[in-house]
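Fold and geometry: a report
Residues per chain are reported as follows:
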Amino acid sequence: MTTRWGVAGTGWMAEVFVADFAHVPEAEVVAIGSRSADRAREFAAEHGVAEGWTYDELVAADVDVVYVATPHPQHHALAIAAIEAGKPVLVEKSFTGSLADTREVVDLARARGVFCMEAMWTRFQPAMVAATSMVADGAIGDVIAVQADLGAFRDYDPEHRLFAPELGGGSILDLGVYPISLAQYFLGTPYAVTATGTRYPNGVDASAVIAMQYADGRGASVACALTTETPGRAVVWGTGGSIEIGPRFHHPTELVVRHNGGGMETLDFPVRGRGYSHEIDEVNRCLAAGLLESPTMPLADTVDVQWVMEEALAQVSR
């Protein structure tokens, strides 16, 4: 059975996501939603999609899943509307602009029995699936630390979404969600968060270094920046070795596995399309199985990652 998707949003994220449906025969985009029906129809025509509607029309339409790809603070209202209409929803990261909004969406999805998932596509890429399996099999012993960085230089423009506070701009919500989610995936939820960083003239966070601390001595150090291009590497450290995820960990296609005492191997894992196809597969799989949450990207993880980001944002903005 082919799932019928509606896409809320007409920006770059929606564009690259829609393109990957060419690699998923079991799913198709049948409608685009936007604040402007004209813009939705224009985007739909450009990408070979049949319908273009307003957001309200999209949520009420005959679709099986709604994908939300608008700026972070707009996710909350769209996700709530979809869930109240009984529509399964895939919500881009950062899931919302605040912890309170995230909890409200999650609580409603659970109360209504509607599937909901954060679009942390990295977790479903073949390289990450392989790394997860290796860790579970004890290939690097017990995991004790994670290090990750993600920077993407952008010229400061207070009118652009990336730097506008009302649109959830800043390094932590836009980039930090990746390394924070990675650390949370392998280590769990920290008991304390310590963050420092820099800000742009309008107060939006330009960069941040975040320490995630665990009561048993484990820890994570993650960094994000809109001020510079960083290597984008992530390393999962264990008592018996390490796994480096690259070449940039949020687009992983390679693992470098090192073993204590010697020995190293490099493994390649190609993706289909740009890699979004794998999270589309996950949504299809969950819906077919009657699941309300993804076991790989459960809603508890989404809430915990949002909590870490909110803690970091509060400290960087002081």
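An account of the accompanying structure is given in this report. (Residues numbered from 1 in each chain as written. Predicted model: local features only at pLDDT ≥ 70, side-chain atom pairs only at ≥ 80, totals over all residues. Heavy atoms only, no water.)

Concerning the packing of aromatic side chains
For any two aromatic rings, the description comes down to two numbers: the centre-to-centre distance and the angle of the planes. For the coordinates displayed, the defined rule picks out 10 aromatic pairs. Measuring from ring centre to ring centre gives 5.5 Å for Tyr156 and Phe163, while their planes differ by 85°; the resulting arrangement is edge-to-face. Note on Tyr156: relative accessible area 32%, which makes it partly exposed. Taking the relative accessible area as the measure of exposure, Phe163 reaches 1% and is therefore buried. The rings of Trp5, Phe17, Phe21, Tyr67, Trp121 and Tyr276 are connected pair by pair, giving a single aromatic cluster. (Phe/Tyr/Trp six-rings, centres within 6.5 Å; stacked < 30°, edge-to-face > 60°. Buried < 20%, exposed > 50% of the residue type's maximum accessible area, 1.4 Å probe, protein only.)

Considering helix 1 (residues 12-19)
The complete set of buried residues in helix 1 reads Met13, Ala14, Val16, Phe17 and Val18. Residues of helix 1 that are buried in the fold lie against strand 1 (3-8), strand 2 (27-34), helix 2 (37-46), strand 4 (65-68), strand 5 (89-91) and helix 8 (277-288). (Helix = DSSP H or I, 4+ residues; strand = E, 2+ residues; numbered from the N terminus. Contact = heavy atoms within 4.5 Å.)

Focus: the sheet that holds strand 2
In spatial order, the strands read 3-2-1-4-5-6; together these 6 strands make up an open sheet with parallel pairing. The open sheet has two edge strands, strand 3 (51-54) and strand 6 (116-118), and neither has a second partner. Taken over all neighbouring pairs, the strand axes of this sheet differ in orientation by 25° on average, direction set aside. Of the strands in this sheet, strand 1, strand 4, strand 5 and strand 6 are in contact with helix 4 (residues 72-84), which crosses strand 5 at around 170°. (Pairing = 2+ DSSP bridges. Axes fitted to C-alpha atoms, helices over the stretch in contact; angles between N-to-C directions.)

What to know about the pattern of salt bridges
Side-chain pairs of opposite charge can arise where the charged atoms are in close proximity. Taken as a whole, this structure holds 13 salt bridges when the rule is applied. Close ionic contact of Lys93 with Glu92 constitutes a salt bridge, the shortest N to O distance being 2.7 Å. One salt bridge in this structure joins Asp281 and Arg272, with 2.2 Å as the shortest N-O distance. Its relative accessible area of 26% is what places Asp281 among the partly exposed residues. A cluster of three or more residues bridged by salt bridges with shared partners is formed by Arg233, Glu244 and Arg258. (Salt bridge = Lys/Arg side-chain N within 4 Å of Asp/Glu carboxyl O.)

A look at the side chain of Asp20
Take Asp20: it is sitting in the loop between helix 1 and strand 2. The buried charged residue Asp20 lacks any salt bridge, with Arg274 as its nearest oppositely charged partner at 6.1 Å. The residues contacting Asp20, other than those within four sequence positions of it, are Arg272, Gly273, Arg274, Gly275, Tyr276 and Ser277. (Lys, Arg positive; Asp, Glu negative; His and termini not counted.)

Side note on the side chain of Ser242
For Ser242, the position within the fold is in strand 12 (residues 241-246). Classification of Ser242 as buried rests on a relative accessible area of 6%. Setting aside its immediate chain neighbours within four residues, Ser242 contacts Ile140, Val235, Val236, Trp237, Val256, Val257 and Arg258.

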